[in-house]
Amino acid sequence: MTADLAKLSHPVASRDMANAIRFLAADAIEKAKSGHPGMPMGMADVATVLFTRFLKFDAKAPRWADRDRFVLSAGHGSMLLYALAYLTGFDDVDIDQVKNFRQLGARTAGHPEYGHVAIAETTTGPLGQGIANAVGFALAEKMLAARFGRGAVDHYTYVIAGDGCLMEGISQEAISLAGHHRLAKLIVLWDDNEICIDGSTSLATSDDQLARFRASNWNAIRVDGHDHEAIAQAIAVARTSDKPSLIACRTIIGYGAPTKAGSEKTHGSPLGAEEIAGARAKLGWPYEPFVVPTPVLDAWRAAGTRGATERAAWEKRQAGLAPAQRAEFDRVLAARLPDGWKAAAAAFKAKAIAEKPKWAARKASQEALEVLTAAIPEMIGGSADLTHSNLTITKATRPISPDDASGSYIHYGVREHGMGALMNGLALHGGFIPYGATFLVFTDYLRPALRMSALMGLRVIYLMTHDSIGLGEDGPTHQPIEHLASLRAMPNLRVFRPCDPVETMECYELALEDSSGPSLLSLSRQNLPTVRTDAGENKSAKGAYVLAEAEGPRQVTLLATGSEVELALAARDLLAAKGVGAAVVSMPCWELFDRQDTAYRAAVLGEGTVKVAVEAASTFGWERYVGPVGTVVGLTGFGASGPPDQVYAHFGITAEAVANAALARL
């Protein structure tokens, strides 16, 4: 039976529209022999009410700036999203994409991926990330409205979240921040089905989620997730709240499946042909797989164009803005950097070379940020309760508060993971360039969000200070050892470790100019000399460069990053005193160096020379640069508590050790 010939025995009802979601999901998962049918079948009613009555969107203009954002935090239920995309008429999800769910090369990946399909506002699947991203979306909406007015920015962020999202610790970090900032245009629809993969949620939790959210300054409502009018009433009430809202939608996972509904058997496995046939009979859906009767599809397509009128009205309002305000709005939404910022950065570097300050890299970062935040107003800073250690606030950045969202600095509290995921939401929403900070060792707390930044290719800047044993007395709990190596292993993340103020600004320039992925700046606590004497070219752009060539023939190449460049320069002098020519290579970014052509890399590393690398961190990874006859002066165990210079000497990370390592290999 074709869709054109399929007939309904009664007028189109919202239950028929919900069943279209259910069976597209069940059929696609059955064909793929892989997927999670339970959530799409259970939340189909909620999604139908949201998309047909409330969500402001236009399927034919899916990225217009003032659309409502919809985040499927429970990303394992991705067929819910793909069914909605097909039904409402998104151009990039046709019926063939639905049929090829989870197949190599299809846009309809196992979990929704940002950039693959227009309906996916973010990549979800790792539970908790989506709801935390959504807090970033809602905060961005409030901040952008404070800058440009409600005529330009006035939209909601809706989330479908599951039990797993709320079990993840990141959810508490996120909902606490959302409640604190009174993000009233954030509405979370919780799929309260009491089932997780292992079975009943009672196996693992007895939380009162409504009380939990209320304690975090949320409005919380409970409804029957299969009663369309009750769902609509709850959403309408939530839209009038002065707080973010949780709507607990009591649903039956795998709704309609005759023997598996309400059990974990529908969670992560196809239903099977017999169970799907039984569901068709039970729900009155006699159509062949992937067939949606024309009246139902027409009703869905009408829902997909319902927002076109609102979009046209918004475009008319935008046309009426003052020219300068309209130009600025368009600029930040297009992610174009403003005129003049490069000149400001150049002036900073020239001043640093002239004055040669001895600053910690974190202080050099603060001074660079003073220049950049004044020149680039869309930069939004923040720290996980370490502002005055990370040195991230500037004269141009006022704190954002629950009562005033016009500032540009977020106090995240001790919520590193939430900070990372919120920054992803800010970047995804558009209009802002987020940077956030903590100690490098605490990247362990935010790593899943950082990985999502890299996977989605987002311009998010992570500032990680106290980046080695050089932080001293706080000891091994706070001294990062393996962190640089593990971060350098992450695809599409550029790790920068600058050695002085000039390199620091160069690294910021590179981070700001690249909109294809995140950057992480690893910054010292201890003071470092200014060693660069020229800034005409951004030498950090090549990842590594010869900072000081050998006096005479080069016999040794000393490789270093960040705070250890100073040691390498001192070792060069020690070797020169013994008649050994040594060059110093600063390597602020391995990832960029690896992209250079073979000739450049060979020239920098010095073919035929003895190579010695020095870094106050794990030696892991340096082998690729020093080769089989070279060596690495670094750490193979944890650090120790004590004054920084004593800790360096204790572990043999000194200029003398570097020079001796080179001499031993000549």
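Cut-offs applied
Residues numbered from 1 in each chain as written. Predicted model: local features only at pLDDT ≥ 70, side-chain atom pairs only at ≥ 80, totals over all residues. Heavy atoms only, no water. Core = buried A, V, L, I, M, F, W, Y, C linked by side-chain atoms within 4.5 Å. Buried < 20%, exposed > 50% of the residue type's maximum accessible area, 1.4 Å probe, protein only. Helix = DSSP H or I, 4+ residues; strand = E, 2+ residues; numbered from the N terminus. Contact = heavy atoms within 4.5 Å. Pairing = 2+ DSSP bridges. Axes fitted to C-alpha atoms, helices over the stretch in contact; angles between N-to-C directions. 1 Å grid on protein atoms, 1.4 Å probe; cavity = no way out; pocket = protein on both sides within 12 Å on 5 of 7 lines; lining within 4 Å. Points joined across faces, edges and corners; volume = space filled by probe spheres on them. Nonpolar A, V, L, I, M, F, W, Y, C, P; charged D, E, K, R; others polar. Phe/Tyr/Trp six-rings, centres within 6.5 Å; stacked < 30°, edge-to-face > 60°. Parallel < 35°, antiparallel > 145°, perpendicular 65-115°, else oblique. Left-handed = near helix turned anticlockwise from the far one by under 90°. Arc of directions from axis to C-beta. Polar contact = N/O pair within 3.5 Å; in protein donor to acceptor, adjacent residues only side chain to side chain. Expected span 1.5 Å × (residues − 1). Lys, Arg positive; Asp, Glu negative; His and termini not counted. Salt bridge = Lys/Arg side-chain N within 4 Å of Asp/Glu carboxyl O. Disulfide = S-S within 2.5 Å.

Caption draft 1: Just the nonpolar core, in detail. Counting 72 residues, the largest nonpolar core has Leu186 and Leu520 as its most contacted members. Considering each element in turn, this core owes the most residues, 12 residues, to helix α5 (residues 129-148). In this structure Leu186 touches Ala134, Val135, Ala138, Thr157, Val159, Ala178, Trp218, Pro244 and Ser245, once residues within four positions along its chain are discounted. Listed in part, the 69 residues of the second largest apolar core include Met17, Phe23, Tyr158 and Val223.

Caption draft 2: Inspection of the sheet that holds strand β14 (residues 519-522) at higher detail. Overall, parallel pairing links the 6 strands, which are arranged β10-β9-β11-β12-β14-β13 in an open sheet. The sheet terminates laterally at β10 (409-411) and β13 (494-496), the two strands that pair on one side only. Taken pair by pair, the neighbouring strands of this sheet meet at an average axis angle of 20°, ignoring direction. Two strands pair when backbone bridges link them, and strand β11 (residues 433-439) and strand β12 (residues 461-465) are joined in this way by 5 bridges, in the parallel orientation. What sits directly across from Phe439, in β12, is Thr465. With respect to the sheet, helix α17 (residues 416-429) is in contact with β9 (379-383), β10, β11 and β12, its orientation differing from that of β11 by roughly 170°. Contacts from helix α18 (residues 443-456) reach β11, β12 and β14 within the one sheet, and its direction differs from that of β12 by about 160°.

Caption draft 3: Empty space enclosed by the protein, seen in detail. Under the definition given, this model contains 5 cavities of 30 Å³ or more. One number sums up the size of the largest cavity: a volume of about 120 Å³. Around the largest cavity sit 13 residues that line it, and Phe57, Asp68, Phe90, Ile119 and Glu121 are the ones nearest its centre. When grouped by side-chain class, the residues that make up the lining of the largest cavity number 9 nonpolar, no polar and 4 charged.

Caption draft 4: Region of the structure containing the packing of aromatic side chains. On inspection of all chains with the given rule, the structure shows 18 aromatic pairs. Where Phe213 meets Trp218, the ring centres are 4.9 Å apart and the plane angle is 85°; that geometry is what we call edge-to-face. As far as burial versus exposure is concerned, Phe213 and Trp218 are alike and both buried. Ring centres 5.1 Å apart and planes at 80° place the aromatic pair Trp590 and Tyr625 in the edge-to-face group. In this pair, Trp590 sits in helix α22 (residues 590-594) while Tyr625 sits in helix α24 (residues 623-626), placing the two residues 35 residues apart along the sequence.

Caption draft 5: Representation of the packing of helix α7 (residues 169-180) against α17. It is at 8 Å that the axes of α7 and α17 come closest, and there the two elements cross at 70°. Classed by the angle they form, the pair α7 and α17 counts as roughly perpendicular. Of the two possible hands of crossing, α7 and α17 adopt the one that is right-handed. Contacts from Ile170, Glu173, Ala174 and Leu177 of α7 reach α17 at Glu416, His417, Gly418, Ala421 and Leu422. Of the residues in the contact of α7 with α17, the class split is 5 nonpolar, 2 polar and 2 charged.

Caption draft 6: A look at the layout of surface pockets. Taken as a whole, the largest pocket spans an internal volume of roughly 400 Å³. Broken down by secondary-structure element, the contributors of at least two residues to the lining of the largest pocket are α13 (323-333) and α17. Ranked by the residues each element gives to the lining of the largest pocket, the list is headed by α17, at 3 residues. In terms of residue class, the lining of the largest pocket is made up of 11 nonpolar, 5 polar and 5 charged.

Caption draft 7: The arrangement of the sheet that holds strand β18 (residues 582-586) in detail. Pairing is mixed across the open sheet formed by 5 strands, whose spatial order is β16-β18-β17-β19-β20. With partners counted over all chains shown, the strands left at the sheet margins are β16 (545-548) and β20 (631-635), one partner each. Between one strand axis and the next, the sheet turns by 25° as a mean value, whatever way the strands run. Summarising the sheet, strand β19 (residues 610-618) and β20 pair through 4 bridges and their orientation is parallel. Directly across from Val612, in β20, lies its bridge partner Thr631.

Caption draft 8: Here's a closer look at unusual backbone geometry. Within the chain, Lys33 stands out as a residue other than glycine whose phi angle is a positive 60°. The topology assignment puts Lys33 in the loop between α1 (14-32) and α2 (38-54). At Asp385, a position not held by glycine, the phi torsion is positive, near 65°. Take Asp385: it is sitting in the loop between β9 and α16 (387-390).

Caption draft 9: Spatial organisation of helix α9 (residues 228-238). Three or more residues of α9 are buried, namely His228, Ile231, Ala232, Ala234, Ile235 and Ala238. Looking straight down α9, one finds that the buried residues subtend no more than 165° of arc, so they occupy a single side. Summarising the contacts, the buried residues of α9 are in contact with α1, α2, β2 (157-161), β3 (186-192), β6 (219-224) and β7 (245-250). N-cap assignment for α9: the residue whose side-chain oxygen lies 3.2 Å from the backbone N of Glu229 is Asp227.

Caption draft 10: Structural view of α7. Taking 1.5 Å as the rise per residue, α7 with 12 residues should run 16 Å; its terminal C-alpha atoms sit 17 Å apart, in good agreement. Buried within α7 are the following residues: Ile170, Ser171, Ala174, Ile175, Leu177, Ala178 and Gly179. Phi turns positive one or two residues past the end of α7, at Arg182, with a value near 50°.

Caption draft 11: Layout of the side chain of Arg459. Looking at the element boundaries, Arg459 is found in the loop between α18 and β12. Notably, Arg459 is buried but unbridged: the nearest opposite-charge side chain belongs to Glu378, and the N-O separation is 6.0 Å. From its side chain, Arg459 meets the backbone oxygen of Ala335 in a polar contact 3.3 Å long. At 2.7 Å, the side chain of Arg459 forms a polar contact with the backbone oxygen of Leu512.

Caption draft 12: Examining the state of the cysteines more closely. Counted according to the given criterion, the structure contains 0 disulfides. For the unlinked cysteine Cys196, the closest cysteine sulfur is that of Cys165, found at 13 Å. With no disulfide of its own, Cys249 lies 13 Å from the sulfur of Cys165, the closest cysteine sulfur. A residue is classified by how much of its surface remains accessible, and Cys249, at 0% relative accessible area, is buried.

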